[in-house]
Amino acid sequence: MSPHSAPKLDRRQMLKAGATIAGLSLGGRALAQSDRIESLIRQMTPAEKAGQLSCFSDQIRPIGLPFNPGLPARNDAAAQLARIRKGEIGMLFNGVGYAGARAAQDAMMETRLKIPLIFAGDVIHGLRTAYPLPIAEACAFDPDLAERTARAAAIETTALGMQWTFAPMVDVARDQRWGRVAEGSGEDVYLGTKLAVARMRGFQGRDLRDPTSVAACAKHFAAYGAVSGGMDYNFTEISPQTLHEVHLAPFKACVDAGVATIMSAFNDIDGVPSSGNKWLLTDLLHGQWGFKGLVVGDYTADEELIVHGYAADGRDAAKKAFLAGMDMAMASNLFNLWLPDLIEKGEVPMARLDEAVRRVLSLKEAIGLFDNPYRSISQKAERTQVSTPGMLKLSREAGARSIVLLKNEGDLLPLKANPGRIALIGPFGEDRDNVVGTWAFMSDATLNVSIAQGLRNRKLTVDVVKGSDVEAPIAGGIEAAVAAARNADVVLLAIGETQLMSGEAQSRTEIVVPDAQMALAEAVAATGKPVVVLLRHGRALALHGAVKDAPAILATWFLGSESGNAIADVLFGDVNPSAKLSVSFPRESGQEPYFYNHKNTGRSAPDTGSQEYKARYRETKNEALYPFGHGLSYSRFTLTNVTVPAQMTDAMEVTATVTNTGSRAGAEVVQLYIHDKVASRTRPVRELKGFERVLLNPRQSRTIRLRLTRDDLRFWGENDWVVEPGQFDLWVATSSVDGEKRSFELV
Ligand code: NOJ
């Protein structure tokens, strides 16, 4: 490649380019053509174009290595810099920090066209400061909170040399065996869609050109959450109805809201791998939905078309993925290797190559990289905008707001400020390595607050006994734990999963507390001391024995950097819990996939009476142990004066009075569910269609208004969305199983 000087624009051209850039937006809205980009495309060789469409894990700042198993064992920063200079790299991901980014961008500025690199990363729930896992934060039922944590994460991301995040993960996950449930918003499409858009807005900010904005990436397109048997990377079997109503809906909402990028998934749909699926990546996404941004393939997803049995070799895989609509290949290098040859032989049209390059350059232009290639590469920001007191405060607030009080017999919680002797028992009491959860591998572990530390920060004396490892007993562990319990007034039992038991490639067949910890729980319970279970988990669990029977249970997930402080805030009532489950806790693992919004079947098991020849298992009830939407408070709330119009045409308002009858201020999340009674397609027993979080002082009441529109009642018919008039059931409720049934007619 012979070095030429970069294209020079005269002042008039610069002004014109600036004007078009100002009008540029990604996602669902119009993408104005930029003279600068068109001029570059005219000058680029096919090899330079392929380089822009190729991205690699950062080897100059090699933090992502353990998470990208395909990488060579040795990091070779010099080799990667040389490849940048050769124009073979358009984006680097999962590297953090000023110095390396500066070096990489300097190398890029030595290429003849000086097209800046863009830096991306898996900033899923924070970067240095970790916020709650998305599945946990979803329990707050608060899009505003999700937007705020994403915004704070974006500020850190841009302070540390990245301008693009591979988030939000918007896969609806209805099978808790799948480890990646941790990364999304749970089992419900309505809640998931609201949070997907909120997070996207938080990342992208008001304007992508703002130096603290990061481009968002809705992933994994599509239906990755539907992998068979909950086994990661597995095939999917999925009906068009479920595909459109459940799995595609959050992506469509993100596109409508202006998401900059989309990541294509590993799994197949209807026998065609998503990453080689032209119907999905082009016809639907760009054609029907009008998406103008770029599609990045998931890690080696193009190359995996070969193992899927959908492509013969690397050349064929590159061709199929690229023609299907994958614009950028992650880590495989197949686009560099094969696109120039495919163009030369006429197997890939130049127009398609230019289209993909245009999308990549438009993203770079939209975030302002052409004007300042060193945007978000600042020593000062790295010093001042990372793990600020405000970020840590937000992490603590979000952590406490994500904790779900599953059970509280005899009002054991909150603990009194001076609760007597506390025994903190279990592998997660003192632990600081399993605090933030999966996909926080770039977080600052020195920030992690253990539960023990959270208690000590309140000047409490705590007897901390490990008792057991997570998956194996430890010698004398149970004896020590029992002795500590006997000596205590209250036991806090910190048990559950490590952070490596959920996340990518971490599916489980039994979603239970491991045996060694169950033995510990049984022994501690046998002392007769009051036990508060502090569950640590990246998915819903099937609770058994002494854990299930404990008088108080808090679902504390992985709450991020400030975990221990957030847990203490709830334990002692400084924060009155108000979170609601984003996923149902089944009774048994074998009930999975388990989700509240299932269909009725022709033989639904009745609550009472004979269960013979009904849809059920021999061993357990159909109902959840703790259903979606469930979560207690230290206050009590009532819902009265529920008014539902008898008929609806285009929209209607449902009103209800919420009263805090307890003695503490607290929040209730009021939920609106519907059921379409007779339709041309079978419909879920209940579907969430609205919610509102209401904060009330003791004995305070408020009337809330929940709006329902015709669009909320539509479903996927034979080939398209339909709305059918008729009778609907409706519940204003505090979980997916309570509330008084009302009805209305859609006319
Ligand atoms: C694979 C994961 O599926 C995806 O979510 C992630 O963004 C990429 N690896 C990059 O780390």
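Residues numbered from 1 in each chain as written. Predicted model: local features only at pLDDT ≥ 70, side-chain atom pairs only at ≥ 80, totals over all residues. Heavy atoms only, no water.

The name recorded for the protein in an unreviewed UniProt entry is beta-glucosidase, from Sphingomonas paucimobilis NBRC 13935. Recorded under Sequence similarities (unreviewed entry), the UniProt text for the protein is reproduced unchanged: "Belongs to the glycosyl hydrolase 3 family." What the UniProt record of the protein gives under Catalytic activity (unreviewed entry) is the line "Hydrolysis of terminal, non-reducing beta-D-glucosyl residues with release of beta-D-glucose." (UniProt positions renumbered as here; feature names shortened; annotations may be inferred.)

**Student:** Any chance you could explain the overall build of the protein here in plain terms?
**Tutor:** Helix and strand counts for the protein stand at 22 helices and 26 strands. Relative to a compact globule of 747 residues, whose C-alpha radius of gyration would be 27 Å, the protein shows 26 Å and is just as compact. Principal-axis analysis of the C-alpha atoms places the extent of the protein at approximately 80 × 60 × 50 Å. Relative to its 747 residues, the protein shows a buried fraction of 62%. Long-range contacts, defined here as pairs at least 24 residues apart, represent 78% of the contacts in the protein between residues at least 6 apart. Carbon and sulfur atoms make up 50% of the accessible area of the protein, which amounts to about 27700 Å² in all. The average position of the 83 basic charges and that of the 86 acidic charges among the side chains of the protein differ by 5 Å. (Helix = DSSP H or I, 4+ residues; strand = E, 2+ residues; numbered from the N terminus. Rg over C-alpha atoms; globule rule 2.2 N^0.38 Å. Buried < 20%, exposed > 50% of the residue type's maximum accessible area, 1.4 Å probe, protein only. Contact = heavy atoms within 4.5 Å. Areas by Shrake-Rupley, 256 points an atom, 1.4 Å probe, with all protein chains shown as cover. Lys, Arg positive; Asp, Glu negative; His and termini not counted. Charge placed at Lys NZ, Arg CZ, Asp CG, Glu CD.)

**Student:** Explanation requested: the nonpolar core in the structure shown.
**Tutor:** Here is a general trend for soluble globular proteins: nonpolar side chains tend to be buried in one another's company. In this structure, W164, F221 and I425 are the most contacted members of the largest nonpolar core, which totals 167 residues. Here this core takes seven residues from helix 15 (residues 350-366), the largest share from any one element. Here this core gathers at least three residues from each of two domains, domain 1 (45-65 + 76-383) and domain 2 (389-591). Beyond its immediate stretch of four places on either side in the chain, F221 contacts L248, F251, I262, M263, S264, A265, S274, L280, L281, L284, L285 and W289. The next biggest cluster of nonpolar side chains, apart from the first, holds 30 residues, and it includes F428, A494, L534 and F572. (Core = buried A, V, L, I, M, F, W, Y, C linked by side-chain atoms within 4.5 Å. Domains from an automatic or database assignment.)

**Student:** Help me understand the packing of aromatic side chains, please; the structure alone is not making it clear to me.
**Tutor:** The relative placement of two aromatic rings is captured by the distance of their centres and the angle of their planes. Applying the stated criterion across every chain, the model contains 18 aromatic pairs. Aromatic side chains W557 and F585 sit 6.4 Å apart centroid to centroid with 80 degrees between the ring planes, which places their arrangement in the edge-to-face category. Here W557, found in the loop between strand 16 (552-555) and helix 22 (563-571), pairs with F585, found in the loop between helix 22 and strand 17 (637-643); they are 28 residues apart in sequence, far enough to count as distant. Following the ring pairs from residue to residue traces out a cluster consisting of F141, Y190, Y596, F628, Y673 and F691. The ring of Y374 carries R102 above its face, with NZ or CZ at 4.1 Å from the centroid. Against the face of W439 rests K219, its NZ or CZ located 5.4 Å from the ring centre. (Phe/Tyr/Trp six-rings, centres within 6.5 Å; stacked < 30°, edge-to-face > 60°. Lys NZ or Arg CZ within 6 Å of the ring centre and 35° of its normal.)

**Student:** Just checking my understanding: could you explain the sheet that holds strand 6 (residues 261-264) for this structure?
**Tutor:** In any sheet, the strands associate via hydrogen bonds between backbone groups, in a parallel or an antiparallel arrangement. Taken in spatial order, the three strands line up as 5-6-9 in an open sheet, and their pairing is parallel. If you trace the sheet from one side to the other, it starts and ends with strand 5 (217-221) and strand 9 (294-297), each paired once. Along the sheet, successive strands turn relative to each other by an average axial angle of 25 degrees, direction set aside. Pairing between strand 6 and strand 9: four bridges, direction parallel. Counterpart to T261 in the pairing with strand 9 is L294. Taken strand by strand, helix 10 (residues 249-257) contacts strand 5 and strand 6, and its axis lies near 155 degrees from that of strand 5. In the packing of helix 11 (residues 278-288) onto the sheet, contacts are made with strand 5, strand 6 and strand 9, and the angle to strand 5 comes to roughly 135 degrees. (Pairing = 2+ DSSP bridges. Axes fitted to C-alpha atoms, helices over the stretch in contact; angles between N-to-C directions.)

**Student:** Could you clarify how one ought to interpret the site of the ligand in this entry?
**Tutor:** Close contacts around the ligand come from 15 residues, with D122, R180, K219, H220 and D298 the closest. A distance of 2.6 Å is found between an oxygen atom of the ligand and a side-chain nitrogen or oxygen belonging to R180. The protein chains hide 99% of the 300 Å² of surface that the ligand would expose on its own. Considered class by class, the residues forming the shell around the ligand number seven nonpolar, three polar and five charged. (Near = heavy atom within 4 Å. Polar contact = N/O pair within 3.5 Å; in protein donor to acceptor, adjacent residues only side chain to side chain. Nonpolar A, V, L, I, M, F, W, Y, C, P; charged D, E, K, R; others polar.)

**Student:** Honestly, the UniProt feature "domain: Fibronectin type III-like" (unreviewed entry) in the protein in this entry has me stumped. Any pointers?
**Tutor:** In this numbering, the UniProt entry assigns the feature "domain: Fibronectin type III-like" (unreviewed entry) to residues 668-736. Between the end C-alpha atoms of residues 668-736 the distance is 14 Å, and the span holds 0% helix and 58% strand.

**Student:** Just checking my understanding: could you explain the sheet that holds strand 16 for this structure?
**Tutor:** Pairing in this open sheet of six strands is mixed, and the strands run 11-16-15-14-12-13 from one edge to the other. Each edge of the sheet is formed by a strand with only one pairing partner; in this case those strands are strand 11 (404-408) and strand 13 (462-465). Neighbour-to-neighbour, the strand axes of the sheet open up by a mean angle of 15 degrees, direction not taken into account. The pairing of strand 11 with strand 16 spans four bridges and is classified as antiparallel. Residue pairing for strand 16: K407 is matched across the bridge by I553. Here helix 20 (residues 515-525) sits on the sheet in contact with strand 12 (422-425), strand 14 (490-496) and strand 15 (531-536), set at roughly 165 degrees to strand 14.

**Student:** Quick question: what am I supposed to make of the side chain of T438 here?
**Tutor:** Summarising the element assignment, T438 is placed in the loop between strand 12 and helix 18 (451-456). Those residues in contact with T438 that sit more than four places away from it in its chain are H125, L133, A182, E183, Q499, S502, G503 and E504.

**Student:** Would you mind showing me how to read unusual backbone geometry here?
**Tutor:** Among all residues save glycine, negative phi is the norm, and among peptide bonds the norm is trans. Cis geometry is found at the peptide bond from L413 to P414, where omega equals 0 degrees. Its location among the elements puts P414 in the loop between strand 11 and strand 12. Cis geometry is found at the peptide bond from E592 to P593, where omega equals 0 degrees. Summarising the element assignment, P593 is placed in the loop between helix 22 and strand 17. We note that K459 has phi near 65 degrees; this positive angle belongs to a residue other than glycine. Counting through the fold element by element, K459 comes out in the loop between helix 18 and strand 13. Judged by relative accessible area, which is 75%, K459 ranks as exposed.

**Student:** When you look at the packing of helix 7 (residues 143-159) against helix 17 (residues 389-402) in this model, what are you seeing that I'm missing?
**Tutor:** When two helices pack together, their arrangement is given by the angle between their axes and by how far apart the axes lie. Here helix 7 crosses helix 17 at 150 degrees, and the two axes come no closer than 11 Å. As far as their axial angle goes, helix 17 and helix 7 are roughly antiparallel. Between helix 7 and helix 17 the crossing geometry is left-handed. Touching L145, R148, T149, A152, I155 and E156 of helix 7 are M391, L394, E397, A398 and R401, all from helix 17. For the contact of helix 7 with helix 17, the residue count by class is six nonpolar, one polar and four charged. (Parallel < 35°, antiparallel > 145°, perpendicular 65-115°, else oblique. Left-handed = near helix turned anticlockwise from the far one by under 90°.)

**Student:** What am I meant to see in the packing of helix 2 (residues 35-43) against helix 15 here?
**Tutor:** Helix 15 packs onto helix 2 with a crossing angle of 135 degrees between their chain directions and a minimal axis gap of 10 Å. Taken as axis vectors, helix 2 and helix 15 run oblique relative to one another. The crossing of helix 2 and helix 15 is right-handed. Listed contacts from helix 15 to R36, I37, E38, L40 and I41 of helix 2 are D354, V357, R358, L361, S362 and E365. Class assignment for the residues of the contact of helix 2 with helix 15 results in five nonpolar, one polar and five charged.

**Student:** It is not clear to me how the pattern of salt bridges should be interpreted in this structure. Could you clarify?
**Tutor:** When the charged atoms of two side chains lie near each other, side chains of opposite charge can form a pair. The tally for this structure, following the rule as stated, stands at 52 salt bridges. The closest approach of N and O atoms between D327 and R352, which form a salt bridge, is 3.0 Å. Residue D327 is located in the loop between helix 13 (314-324) and strand 10 (329-330), and its partner R352 is located in helix 15; the two are separated by 25 residues in the primary sequence. Just as D327 is buried, R352 falls in that class too. (Salt bridge = Lys/Arg side-chain N within 4 Å of Asp/Glu carboxyl O.)

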